[in-house]
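So the chains spell out like this:
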Amino acid sequence: MIPFLDLKRINAQYRDELIEASTRVIDSGWYVQGEEVNAFEKEFADYCGTKYCVGVANGLDALILILRAYKQMGRFEVGDEVIVPANTYIASILAITQNQLKPVLVEPDEKTYNLSIKLLEQAITPQTKAIMAVHLYGQLADMKAINLIAKKYGLLVIEDSAQAHGASLDGRKAGNWGDASGFSFYPGKNLGALGDAGAVTTNDENLAMIIRAIGNYGSAKKYEHKFQGVNSRLDEIQAALLRVKLKYLNNEIKHRQEIAIAYTQGIKKDSLLMPILSSGRLERENIQNHVFHLFVIRCSERDKLQEYLTKNDIQTLIHYPIAAHRQKAYSEWGYLSFPLTEKIHQEVLSLPISPVLSLESRDEIIDVINKF
Ligand SMILES: *Cc1c(COP(=O)(O)O)cnc(C)c1O
């Protein structure tokens, strides 16, 4: 079986260094909020090109804490609207509702699956306070257009960069386009810890300080509590492991992009919709804005295709089978209709792509799909 994502093999590549890093933490006697977290925050901020990075417990918390901090700063009131793509992973939306804000779901662009700029502007009301731009599957949303609209209407821009570490346009990376950005280092993400982890990046010193305090019981100084905070911190051991993996992130992205190019050139089926780059043809010179966390194709006979691939020992996944507004958790939105989003959820299929997918497996996948 060609696995969708072989985490064991991915981390085995760095086994010695990962063991050395965890040993360093074990032997230090210091496990929370120490040197490893400080160093990782600095290294990841440098990587993204931002002034600040705050480590938190996971990606969902990163998004929750950004919105919570803006509430604390008086930028949101309960019930204010935040625009978010209807086809995103549910975490983007949970972060909004957990802050008692109102998600305004907007259909994506049919080609890139990221926010449709036209529909985004139509969705703005006097209650709109922010846009949450999700870089879905690893491709940067149209941040230039989004930032222009945000400026025109005085809105905050929050990036959900959980799938897009390292994606860049004109040399500016995911996490450095909005007012603040949430990252996830869930093990399966492009930069994955060996457990849960996340971070916020921003260029706003005050925001960074407030997020850091809220994530630490609302305290910037020990036993002095300025906010009714939570406990959402990045562990020393995960920070140490992430420092190892960050060094290899660019190489891993390159491998993903090479696979994406080979799939695009090799798969010749008119019935399949291949990923489309907003920057141009899917070729080496245009690919920096997509780090291919997922390689998502569309097929009107998706279930049949998936079954066929499983029979041929190729594991695929569906990101995602059910749209957020169709989930039981949001049953109050059952009346809403997003035809394109629903169609996308019925047709998408994610092919294996990873830093350790071999060229033989890649070619076999292309071959098998061409015979469907
Ligand atoms: C993974 C993911 C998250 C949440 O990250 P966790 O670390 O799992 O909490 C948020 N948004 C998107 C788009 C994701 O893919």
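All values derive from a computational prediction rather than experimental measurement.

### A short note on the overall build of the protein chain
Now for step 1: For the protein chain, the count of helices and strands is 12 helices and 14 strands.
Now for step 2: Taken over C-alpha atoms, the radius of gyration comes to 20 Å for the protein chain, in line with the 21 Å a tight globule of 372 residues would show.
Now for step 3: C-alpha extents for the protein chain along the principal axes are approximately 65 × 55 × 40 Å.
Now for step 4: Here the protein chain holds 372 residues, and the buried ones make up 56% of them.
Now for step 5: Pairs at least 24 apart in sequence give 71% of the contacts found in the protein chain among residues at least 6 apart.

### Side note on the site of the ligand
Now for step 1: Taken together, Asn58, Gly59, Leu60, Tyr89, Ala91, Val134, Asp160, Ala162, Gln163, Ser184 and Lys189 form the complete shell of residues around the ligand.
Now for step 2: Within the backbone of Gly59, a nitrogen or oxygen atom sits 2.8 Å from an oxygen atom of the ligand.
Now for step 3: Between the ligand and the protein, one listed contact pairs an oxygen atom with a side-chain N or O atom of Lys189 at 3.1 Å.
Now for step 4: For the ligand, the accessible surface in isolation is 380 Å², of which the surrounding protein chains cover 90%.
Now for step 5: Among the residues making up the shell around the ligand, the classes are represented as five nonpolar, four polar and two charged.

### Some thoughts on the sheet that holds strand 14 (residues 348-351)
Now for step 1: With antiparallel pairing, the three strands of this open sheet are ordered in space as 12-13-14. Two strands close off the open sheet at either side, each with one partner strand: strand 12 (272-273) and strand 14.
Now for step 2: Pairing between strand 13 (residues 295-299) and strand 14: four bridges, direction antiparallel. Residue Val296 lies in a different strand from strand 14, and its bridge partner there is Ser350.
Now for step 3: Most of the contacts of helix 10 (residues 302-311) go to strand 14, to which it runs at about 25°, and overall it touches strand 12, strand 13 and strand 14.

### A word on the packing of aromatic side chains
Now for step 1: For the structure shown, the criterion picks out 13 aromatic pairs.
Now for step 2: For the ring pair Phe44 and Phe185, a centre distance of 5.3 Å and an interplane angle of 90° mean the geometry is edge-to-face. Highlighted residues: Phe44 in helix 3 (residues 35-48) and Phe185 in the loop between strand 8 (180-184) and strand 9 (198-202), separated in sequence by 141 residues.
Now for step 3: Assessed through its relative accessible area of 0%, Phe44 is described here as buried.
Now for step 4: Considering the side-chain rings of Phe292 and Phe295, the 5.7 Å spacing of their centres and the 25° angle between planes classify their relative orientation as stacked.

### Thoughts on the pattern of salt bridges
Now for step 1: What the rule picks out here adds up to 20 salt bridges.
Now for step 2: With a closest N to O distance of 3.3 Å, Glu342 and Arg326 form a salt bridge. With a gap of 16 residues between them, Glu342 in helix 11 (residues 339-347) and Arg326 in the loop between helix 10 and helix 11 connect regions that are remote in the sequence.
Now for step 3: Each member of the salt-bridge network shares a partner with another, and the members are Arg24, Glu36, Glu43 and Arg243.

### Thoughts on the confidence of the model for the protein chain
Atomic detail in the predicted coordinates should be set aside for any region of low pLDDT.
Now for step 1: Confidence in the prediction for the protein chain averages 97 pLDDT; 100% of positions are at 70 or higher.
Now for step 2: Looking over the protein chain, one finds the lowest element-wise mean pLDDT in strand 10 (residues 219-221), namely 93, and the highest in strand 9, namely 99.

### Let's talk about the side chain of His290
Now for step 1: You can see His290 is positioned in the loop between strand 12 and strand 13.
Now for step 2: With residues up to four places along the chain from it excluded, the contact list for His290 reads Tyr137, Gly138, Gln139, Gln257 and Leu277.

### Quick notes on the packing of helix 9 (residues 236-266) against helix 12 (residues 359-370)
Now for step 1: Where helix 9 contacts helix 12, the two axes come as close as 10 Å, and the packing angle between them is 25°. Between helix 9 and helix 12, the interaxial angle falls into the category roughly parallel. Our pair here, helix 9 against helix 12, has a crossing hand that is right-handed. Note on element contacts: helix 12 touches helix 9 through Arg362, Ile365, Ile366 and Asn370, opposite Ile259, Ala262, Tyr263 and Gly266.
Now for step 2: Across the contact of helix 9 with helix 12, the residue classes tally to five nonpolar, two polar and one charged.

### Details of unusual backbone geometry
Glycine aside, residues mostly have negative phi, and peptide bonds are mostly found in the trans state.
Now for step 1: Cis geometry marks the peptide bond from His319 to Tyr320, where omega comes out at 10°.
Now for step 2: Checked against the element boundaries, Tyr320 lands in the loop between helix 10 and helix 11.
Now for step 3: If you check the backbone angles, Tyr137 has positive phi at about 65° while not being a glycine.
Now for step 4: Note that Tyr137 resides in the loop between strand 4 (128-134) and helix 7 (143-153).

### Considering the sheet that holds strand 1 (residues 52-56)
Now for step 1: Pairing in this open sheet of seven strands is mixed, and the strands run 1-9-8-5-4-2-3 from one edge to the other. Edge positions in the sheet fall to strand 1 and strand 3 (102-106), since each has one partner strand and no second. Each neighbouring strand pair of the sheet contributes to a mean axis angle of 25°, computed without reference to strand direction.
Now for step 2: Bridge count for strand 8 against strand 9 is five bridges, and the pairing is antiparallel. Paired with Phe183 across the bridge in strand 9 is Ala199.

About the criteria used
Residues numbered from 1 in each chain as written. Predicted model: local features only at pLDDT ≥ 70, side-chain atom pairs only at ≥ 80, totals over all residues. Heavy atoms only, no water. Helix = DSSP H or I, 4+ residues; strand = E, 2+ residues; numbered from the N terminus. Rg over C-alpha atoms; globule rule 2.2 N^0.38 Å. Buried < 20%, exposed > 50% of the residue type's maximum accessible area, 1.4 Å probe, protein only. Contact = heavy atoms within 4.5 Å. Near = heavy atom within 4 Å. Polar contact = N/O pair within 3.5 Å; in protein donor to acceptor, adjacent residues only side chain to side chain. Areas by Shrake-Rupley, 256 points an atom, 1.4 Å probe, with all protein chains shown as cover. Nonpolar A, V, L, I, M, F, W, Y, C, P; charged D, E, K, R; others polar. Pairing = 2+ DSSP bridges. Axes fitted to C-alpha atoms, helices over the stretch in contact; angles between N-to-C directions. Phe/Tyr/Trp six-rings, centres within 6.5 Å; stacked < 30°, edge-to-face > 60°. Salt bridge = Lys/Arg side-chain N within 4 Å of Asp/Glu carboxyl O. pLDDT = per-residue confidence, 0-100. Parallel < 35°, antiparallel > 145°, perpendicular 65-115°, else oblique. Left-handed = near helix turned anticlockwise from the far one by under 90°.

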